[in-house]
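Topology and contacts: notes
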Amino acid sequence: LACVIRSVNKAAVGRSDQVVVVGAGTMGILHIMLLKQAGATVHVSEPDAERAAFAREMGADAIIDPTNHSFAKKVRALTGGRGADAILCAVSVGTVVEQAVEAVAKGGRVHVYASIHPRGTKVSVDPNLFHSKEIVLTGTMSQDRDDMRQAVQMISSRAIDLRPLISLTLPLAQLEEGLQAAMRPDTYRVIVSP
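Residues numbered from 1 in each chain as written. Predicted model: local features only at pLDDT ≥ 70, side-chain atom pairs only at ≥ 80, totals over all residues. Heavy atoms only, no water.

**Let's talk about the pattern of salt bridges**
All chains considered together, the criterion is met by eight salt bridges. Residue arginine 82 pairs with aspartate 85 through a salt bridge whose shortest N-O separation is 2.8 Å. In this structure, a network of salt bridges that share partners links the residues Arg6, Asp144 and Asp147. (Salt bridge = Lys/Arg side-chain N within 4 Å of Asp/Glu carboxyl O.)

So this is what it looks like as structure tokens:
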């Protein structure tokens, strides 16, 4: 949670911002939860129907299926033609960064949360977009002590409920089953207890 707190803070998301989260995995869902608490309108780009439905349950205001629409056109349609104030990339795909730069509003922020794989992947963007749209491309990798303190406070005070992200709880004797479940795309988090 602490690294997502850092991500949302670095992306400078404010109340009433129109934000797109790309990806509805565990980290994408955590972004949705924090962005909604910050007062943002949150749109989620997710091609998997089950994950998209879960994102909606967790507070997403709209879902973008990136396989059926032009990402930038859909973002503009959802934001009254402006584009998103911020786009947070929570997937490891380089082309997502390119699409986000196209879809962000003038003065907006594109934030790379997930590392792009494979390492060394290049993205191709028109540098004039940074000039003419005055956009910021940024990212985060970790958290600091303040982020960790805020995460502990939010969890202990139940300001954020992480229980919906627990897909499966198993005893230690079923560790292998838990590891196998954790590798499936329909699983968010697995807890193995002694």
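So that's the structure; there's more coming.
**Side note on the packing of aromatic side chains**
This structure, assessed with the given rule, holds one aromatic pair. Note on phenylalanine 54 and tyrosine 188: the rings are 4.8 Å apart at their centroids and 45° apart in plane angle, and the pair reads as tilted. With phenylalanine 54 in helix 3 (residues 49-57) and tyrosine 188 in the loop between helix 8 (175-182) and strand 8 (189-193), this pair connects stretches of sequence that are 134 residues apart. On the accessibility criterion, tyrosine 188 (10% relative accessible area) is buried. (Phe/Tyr/Trp six-rings, centres within 6.5 Å; stacked < 30°, edge-to-face > 60°. Helix = DSSP H or I, 4+ residues; strand = E, 2+ residues; numbered from the N terminus. Buried < 20%, exposed > 50% of the residue type's maximum accessible area, 1.4 Å probe, protein only.)

**Quick notes on the pairing of strand 1 (residues 18-22)**
Here strand 1 lies mainly inside the structure; five of its five residues are buried. The parallel pair strand 1 and strand 2 (residues 41-45), bridged by helix 2 (residues 26-37), forms a crossover whose chirality is right-handed. Strand direction decides the pairing type here: strand 1 and strand 4 (residues 84-89), joined by four bridges, are parallel. Bridged to valine 19 within strand 4 is alanine 86. (Right-handed = clockwise from strand over helix to strand, strands pointing away. Pairing = 2+ DSSP bridges.)

**Quick word on the sheet that holds strand 1**
Reading across the sheet, the six strands line up as 3-2-1-4-5-6 and stay open at both edges, with parallel pairing between neighbours. The open sheet has two edge strands, strand 3 (62-64) and strand 6 (136-139), and neither has a second partner. Strand-to-strand twist across the sheet, computed as the mean angle between neighbouring axes with direction ignored, equals 20°. Its contacts with the sheet put helix 5 (residues 94-103) on strand 1, strand 4, strand 5 (104-112) and strand 6, and the angle it makes with strand 5 is roughly 160°. (Axes fitted to C-alpha atoms, helices over the stretch in contact; angles between N-to-C directions. Contact = heavy atoms within 4.5 Å.)

**A look at helix 5**
The set of residues buried in helix 5 consists of Gly94, Val96, Val97, Ala100, Val101 and Ala103. Where helix 5 is buried, its residues touch strand 1, helix 4 (71-78), strand 4, strand 5, helix 6 (128-132) and strand 6.

**Description of the environment of alanine 173**
Residue position: alanine 173 is located in the loop between strand 7 (166-171) and helix 8. Sequence-wise, alanine 173 and serine 7 are 166 residues apart; in three dimensions their C-alpha atoms are separated by 36 Å.

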